[in-house]
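Listed below, chain by chain, are the residues.
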Amino acid sequence: MSAEQAKKTIELLRDELRAHNHAYYVLSKPLISDFEFDQKLKQLEQLEHDFPEFADENSPTKRVGSGITTNFKQIKHKYPMLSLSNSYSKEDILDFERRLKKGTDKPLEYVCELKYDGVAISITYKDGQFLRAVTRGDGITGEDISANVKTVKSIPLQLTGNYLPEFEIRGEIFMPKNAFKALNEQRAAQGLETYMNPRNTTSGTLKQKDSSKVATRTLDCFLYGIYGERLPHKNHYQTLKEAQHWGIKTPFIAEKFIEKHNSINGVMDFIEYWAEHRTHLDFEIDGVVIKVNDYSLQEELGFTSKFPRWAIAYKFATENKSTIVESIDYQVGRTGSITPVANLTPIEILGTIVKRASLHNAEQIEKLDIRISDTVFVEKGGEIIPKVTGVDLSKRKEHAQQTVFTTHCPACQTELIKLEGQANHYCPNTEGCKPQILGRINHF
Ligand code: IVH
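So, a few notes on the structure that sits alongside this text. (Residues numbered from 1 in each chain as written. Predicted model: local features only at pLDDT ≥ 70, side-chain atom pairs only at ≥ 80, totals over all residues. Heavy atoms only, no water.)

## Here we look at the overall build of the protein
Just so we agree on the cut-off: Labels follow the DSSP assignment, with helices taken as runs of H or I lasting at least four residues and strands as runs of E lasting at least two, numbered in each case from the N terminus. Exposure categories follow from relative accessible area, calculated using a 1.4 Å probe and restricted to protein chains: below 20% of the type maximum is buried, above 50% is exposed, and the middle band is partly exposed. By the convention used here, residues are in contact when the closest approach between their heavy atoms is within 4.5 Å. Counting rule applied: Lys, Arg positive; Asp, Glu negative; His and chain ends not counted. Throughout, a charge is located at the NZ atom of Lys, the CZ atom of Arg, the CG atom of Asp or the CD atom of Glu.
In terms of helices and strands, the protein carries 12 helices and 16 strands. By principal-axis analysis of the C-alpha atoms, the protein measures approximately 70 × 70 × 40 Å. Across the 444 residues of the protein, 48% fall into the buried class. Sequence-distant contacts, at least 24 apart, represent 69% of the contacts inside the protein between residues at least 6 apart. Considering the protein, the positive charge centre built from 58 side chains and the negative charge centre built from 60 side chains are found 2 Å apart.

See below:
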């Protein structure tokens with residue numbers, strides 16, 4: 001193949017693969033099979049290898065991570081990365097409205113969004129190309145984690161359409177609940193310690209020095225704030241909507257992730273809807289964010305020393321209650337890993353009855369010193385699984401015996417194994433243990 005032909009094919013393949021990436025990771029509507037995608041990617045890899053003169057650091061082949069970052073470079077944010085003041089009740093939201101009305105006579109339009117519980121990121125695009133991604137840091141200076149962020153497939157490396165020549169877009173990177181669950185199952189199968197929650201796992205992943213390790217984790221993002229000069233519209237809602245047409249994953253991807261309201265009642269409805277439905281999402285949210293839509297009005301309202309006056313976060317309640325551990329069961333996963341589960345005296349938390357809670361593994365039981373008959377604190381937030389956060393030692397029964405972790409599989413009675421330095425016990429009877437077999441069939 002001549003160099004000229006190669007250049008053309010490379011460009012064609014890159015465009016095609018970018019379109020497929022967008023269809024798959026942003027729109028969740030794949031147009032071709034994974035196999036066909038991989039074939040095309042391999043073809044591109046080969047051509048890039050044979051014709052290194054056409055290398056491009058934003059090529060779709062660069063999603064797999066490349067090498068070690070020794071030191072993340074410190075970058076000063078062009079626009080400081082502020083946080084939001086929090087509110088917890090309807091009364092707080094009405095106070096927010098009162099403050100806004102004191103600050104301006106103009107009619108107010110609110111944009112309601114989800115408050116994604118992930119890691120904040122600021123991405124700069126120049127001439128449609130991904131330039132860099134910086135963490136929030138202290139809000140003034142952050143760390144350049146571009147190599148890691150480039151492995152997040154829903155973040156485009158090259159934009160399409162009529163994009164702005166240069167801008168920053170901010171949002172949140174997170175690990176979907178399903179990916180978190182699968183990762184923990186995989187770790188448990190390898191006898192490694194399981195992770196506590198998706199947010200910390202995302203944060204730890206993004207700080208990895210080896211971006212090829214980051215590429216093996218499933219991370220996703222939502223981008224929700226554009227910063228730059230000569231923005232295409234006079235308000236947040238339309239500007240963000242426009243960014244969706246540049247290939248960026250914004251909340252406009254799904255109905256109900258972003259809404260515009262011109263009354264505080266509409267805002268309240270949004271809050272109520274998501275307080276009820278948040279557990280159905282495949283990612284964690286810890287509240288909603290309410291923003292004044294109009295940019296000039298945002299400027300007029302300005303900032304306090306810490307927060308913008310034109311926006312507020314409404315945090316969903318987590319509820320802590322105490323109840324009694326009646327017994328402890330051991331569950332066998334598809335990989336043979338054993339999870340201890342506490343059977344609790346049923347209690348109502350945030351409108352649902354909680355009867356069971358995962359105790360994670362032997363180390364967790366030991367760390368919290370959870371015993372049968374103990375009164376424990378149980379917390380439920382947006383997550384589906386409630387957490388045991390501690391023991392009320394003042395209520396410990398005199399006869400309460402320290403928990404001895406089961407030594408044999410509850411299903412097939414095979415002796416459990418636990419390798420040195422690993423957190424989980426597991427049943428080695430892969431071929432003959434019923435829940436493992438059923439789990440594998442189910443997974444398949
Ligand atoms: S707007 C100046 N919108 O929550 C306003 N933040 O404590 C900038 N977050 O630092 C933030 N979802 O990391 C905004 N839809 C959303 C958000 C969101 C999550 C995070 C963000 C921010 C923190 C606020």
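There's more to say after this.
## Quick notes on the site of the ligand
Convention followed: By convention in this text, a residue qualifies as near a molecule or strand provided that one of its non-hydrogen atoms is within 4 Å of it. A 3.5 Å cut-off defines polar contacts: any pair of N or O atoms within that distance qualifies, except that in protein one atom must be a possible hydrogen donor and the other a possible acceptor, and neighbouring residues in sequence count only when both atoms are side-chain atoms. Surface exposure here means Shrake-Rupley accessible area, sampled with a 1.4 Å probe, where a residue is shielded only by the protein chains that are shown.
For the ligand, the set of nearby residues contains 14 residues, the closest of which are Glu 113, Leu 114, Arg 136, Glu 172 and Lys 291. Tyr 116 places a polar main-chain atom, nitrogen or oxygen, 3.1 Å from a nitrogen atom of the ligand. Here Tyr 224 contributes a side-chain N or O atom positioned 3.2 Å from a nitrogen atom of the ligand. For the ligand, whose accessible area on its own is 520 Å², the fraction buried by protein is 89%. Where the shell around the ligand is concerned, the elements lending two or more residues are β3 (110–116) and β10 (285–292). Of all the elements, β3 adds the most residues to the shell around the ligand, at four residues.

## Concerning the packing of aromatic side chains
Note the threshold: Side-chain rings of Phe, Tyr and Trp, where Trp is taken by its six-membered ring, are said to pair if the distance between their centres is within 6.5 Å; with planes under 30 degrees apart they count as stacked, over 60 as edge-to-face, and otherwise as tilted.
Following the criterion strictly, the structure yields 20 aromatic pairs and no others. Here the aromatic rings of Tyr 116 and Phe 283 are separated by 5.8 Å at their centres, their planes lie at 45 degrees, and the arrangement is tilted. Remark: Phe 283 occurs in the loop between α9 (264–277) and β10 and Tyr 116 occurs in strand β3; sequence separation between them is 167 residues. Tyr 116 gets classed as buried once you look at its relative accessible area, which sits at 3%. Looking at Phe 283, the relative accessible area reads 8%, which means it is buried. Look at Tyr 125 and Phe 167: their rings are 5.6 Å apart centre to centre, the planes differ by 25 degrees, and that puts the pair in the stacked class. One end of the pair, Tyr 125, is in strand β4 (residues 119–126); the other, Phe 167, is in strand β7 (residues 166–174), and 42 residues separate them in sequence. With relative accessibility at 2%, the residue Phe 167 sits in the buried group.

## Digging into the nonpolar core
Which entries qualify depends on this criterion: Definition of nonpolar core: a set of buried residues of the types Ala, Val, Leu, Ile, Met, Phe, Trp, Tyr and Cys, connected through side-chain atoms within 4.5 Å.
Ile 123, Val 149 and Ile 290 are the most contacted members of the largest nonpolar core, which totals 66 residues. With six residues, α9 is the single largest residue contributor to this core. Ranked by size, the runner-up nonpolar core spans 24 residues in total, among them Tyr 330, Ile 338, Leu 416 and Cys 433.

## Notes on the packing of helix α3 (residues 90–103) against α9
Here is the rule we go by: Fitting a line to C-alpha atoms yields each axis, with helices limited to the stretch in contact; the angle taken between N-to-C directions then spans 0 to 180 degrees. Left-handed is the label given to a crossing in which the near helix is rotated counterclockwise from the far helix by less than a right angle, and right-handed is the label when the rotation is clockwise. The nonpolar class holds Ala, Val, Leu, Ile, Met, Phe, Trp, Tyr, Cys and Pro. Asp, Glu, Lys and Arg form the charged class, and all remaining residues, Gly among them, are polar.
Two numbers describe how α3 lies on α9: the axes approach to 11 Å, and their chain directions differ by 145 degrees. With respect to the hand of their crossing, α3 and α9 are arranged in right-handed fashion. Residue-level contacts link Lys 90, Ile 93, Leu 94 and Glu 97 of α3 to Ile 264, Val 267, Met 268, Ile 271 and Glu 272 of α9. Class assignment for the residues of the contact of α3 with α9 results in six nonpolar, no polar and three charged.

## Quick notes on the environment of Ser 59
Note on placement: Ser 59 falls in the loop between α2 (34–50) and β1 (74–76). Those residues in contact with Ser 59 that lie beyond four places of it in its chain are Arg 14, Arg 18, Leu 44, Glu 48 and Leu 157.

## As for α9
Short version of the rule: By this rule, a helix spans an expected 1.5 Å times one less than how many residues it contains.
The terminal C-alpha atoms of α9 lie 20 Å apart, and with 14 residues this matches the ideal 20 Å at 1.5 Å per residue to within 8%. All of the buried residues in α9 are Ile 264, Gly 266, Val 267, Met 268, Phe 270, Ile 271 and Trp 274. Its buried side turned inward, α9 meets α3, β3, β9 (258–261), β10 and β11 (311–315).

## Some points on the environment of Arg 230
Among the structural elements, Arg 230 can be located in the loop between β8 (220–227) and α8 (236–244). In this structure Arg 230 comes out as exposed when scored by relative accessible area, which is 73%. Taking the C-alpha atoms as reference points, Arg 230 and Asp 15, separated by 215 residues in sequence, lie 28 Å from one another.

## Thoughts on the sheet that holds β10
Applicable threshold: Note on pairing: DSSP must find at least two bridges between two strands before they are called paired.
Spatially, β2-β11-β10-β3-β9 is the arrangement adopted by the five strands of the open sheet, whose pairing is mixed. Bordering the open sheet on either side are β2 (86–87) and β9, each of which pairs with just one other strand. Relative to β11, β2 runs parallel, the two sharing two bridges. Looking at the pairing, Ser 87 lines up with Tyr 314 of β11. Packed onto the sheet, α3 meets β2, β3, β10 and β11 and runs at close to 175 degrees relative to β11. On top of the sheet, α9 reaches β3, β9, β10 and β11; it is set at about 20 degrees to β3, its chief contact.

## Points about the pairing of β4
With respect to burial, β4 is a largely interior element, seven of its eight residues being buried. When β4 meets β7, the two strands line up antiparallel, connected through eight bridges. The residue bridging Ile 123 from the neighbouring strand is Ile 169, located in β7. For β4 and strand β5 (residues 129–135), the ladder comprises six bridges, and the chain directions are antiparallel. Bridged to Lys 126 within β5 is Gln 129. Hairpin remark: β4 followed by β5, antiparallel, with two residues in the connecting loop; positive phi at Asp 127, about 50 degrees.

## Notes on the side chain of Asp 117
One can find Asp 117 in the loop between β3 and β4. Exposure remark for Asp 117: the relative accessible area of 16% places this residue in the buried category. Here Asp 117 is in contact with Phe 174, Arg 199, Glu 284, Ile 285 and Asp 286, once residues within four sequence places are set aside.

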